[in-house]
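What the coordinates show
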Amino acid sequence: MIQVLVIVAVIAIFAIFSDKQIAATLAGILFVAMPLGLMAWEYQRAQFTEKTWFAGVLQFWVIFALPILGIRLMNWGVPFDQLAFWGIPGPLLHSWSSKSYIVMVVITAIRWFKLNKKAA
């Protein structure tokens, strides 16, 4: 599952890059690009028939991935713990995004299981 590979890639990025701001930005780009790519691929495959899955991916992408990357880029050089989005402190937003990511992975796993079950 690509979502698990992204986590592995993010861990590798933070191990490779000593500049945490660069590492966090590269990780943020992955967290923005991966859901976008998945949604494009899924739309080509099934249009919007998988509404629950799309909602699961969109909630992570729109509420967390885009805003976190955006506030990082728009406030370059400012420590993340000093940033906020709509009054929500960066560290709290990041904590919520981890839970949101898990929701996205679980919804994807359920969808994948259903599709494989249907194909069998």
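Look up: the structure comes first, before these words.
Summarised in this report is the structure supplied together with it.

Parameters at a glance
Residues numbered from 1 in each chain as written. Predicted model: local features only at pLDDT ≥ 70, side-chain atom pairs only at ≥ 80, totals over all residues. Heavy atoms only, no water. Helix = DSSP H or I, 4+ residues; strand = E, 2+ residues; numbered from the N terminus. Buried < 20%, exposed > 50% of the residue type's maximum accessible area, 1.4 Å probe, protein only. Contact = heavy atoms within 4.5 Å. Areas by Shrake-Rupley, 256 points an atom, 1.4 Å probe, with all protein chains shown as cover. Lys, Arg positive; Asp, Glu negative; His and termini not counted. Charge placed at Lys NZ, Arg CZ, Asp CG, Glu CD. Core = buried A, V, L, I, M, F, W, Y, C linked by side-chain atoms within 4.5 Å. 1 Å grid on protein atoms, 1.4 Å probe; cavity = no way out; pocket = protein on both sides within 12 Å on 5 of 7 lines; lining within 4 Å. Points joined across faces, edges and corners; volume = space filled by probe spheres on them. Expected span 1.5 Å × (residues − 1). Arc of directions from axis to C-beta.

Right, let's talk about the overall build of the protein chain for a bit. When helices and strands are counted, the protein chain shows four helices and two strands. Each helix and strand of the protein chain, ordered N terminal to C terminal, gives the series α-α-α-β-β-α. With respect to the three principal axes, the spread of C-alpha positions in the protein chain is 50 × 30 × 20 Å. Looking at the 120 residues of the protein chain, the share that counts as buried comes to 35%. Across the protein chain, every contact between residues at least 6 apart in sequence was considered, and the portion connecting residues at least 24 apart equals 60%. Accessible surface, the protein chain: about 7400 Å² in total, of which carbon and sulfur atoms supply 74%. Of the charged side chains in the protein chain, 9 are positive and 4 negative; the average position of the first set lies 12 Å away from that of the second.

Formed by 24 residues in total, the largest nonpolar core has its most connected members in Phe31, Phe60 and Tyr101. Going through the elements one at a time, α1 (2-16), α2 (20-46), α3 (51-74) and α4 (90-119) are the ones with two or more residues in this core. Looking at which element gives the most residues to this core, the answer is α3, with ten residues. Phe31 has contacts with Val6, Ile7, Val10, Phe60, Trp61, Ala65 and Tyr101, leaving out every residue within four places of it along the chain.

To find leftover empty space, a probe the size of one water molecule is rolled over the atoms. Its boundaries defined by the atoms lining it, the largest pocket holds a volume of some 300 Å³. What lines the largest pocket is a set of 17 residues, among which Phe31, Phe60, His94, Ser97 and Ser98 lie closest to the centre. Put simply, the parts of the chain that give the lining of the largest pocket at least two residues each are α1, α2, α3 and α4. Among the elements that take part in the lining of the largest pocket, α3 stands out by supplying six residues, more than any other. Surrounding the second largest pocket, Glu50, Thr52, Trp53, Ile107, Ile110, Arg111, Lys114, Leu115 and Lys118 form its lining. For the lining of the second largest pocket, the elements supplying multiple residues, two or more each, are α3 and α4.

Another aspect to go through is α1. Every α-helix winds through 3.6 residues per turn, so residues three or four apart in the chain are directed the same way. With 15 residues, α1 should reach 21 Å at 1.5 Å per residue; the first-to-last C-alpha distance of 20 Å fits that figure. Within the span of α1, buried status applies to Gln3, Val6, Val10 and Ile13. Within α1, the buried residues cover an arc of 60° as seen down the axis, which keeps them to one side. Residues of α1 that are exposed and point over 90 degrees away from its buried face: Leu5, Val8, Ile11, Ala15 and Ile16.

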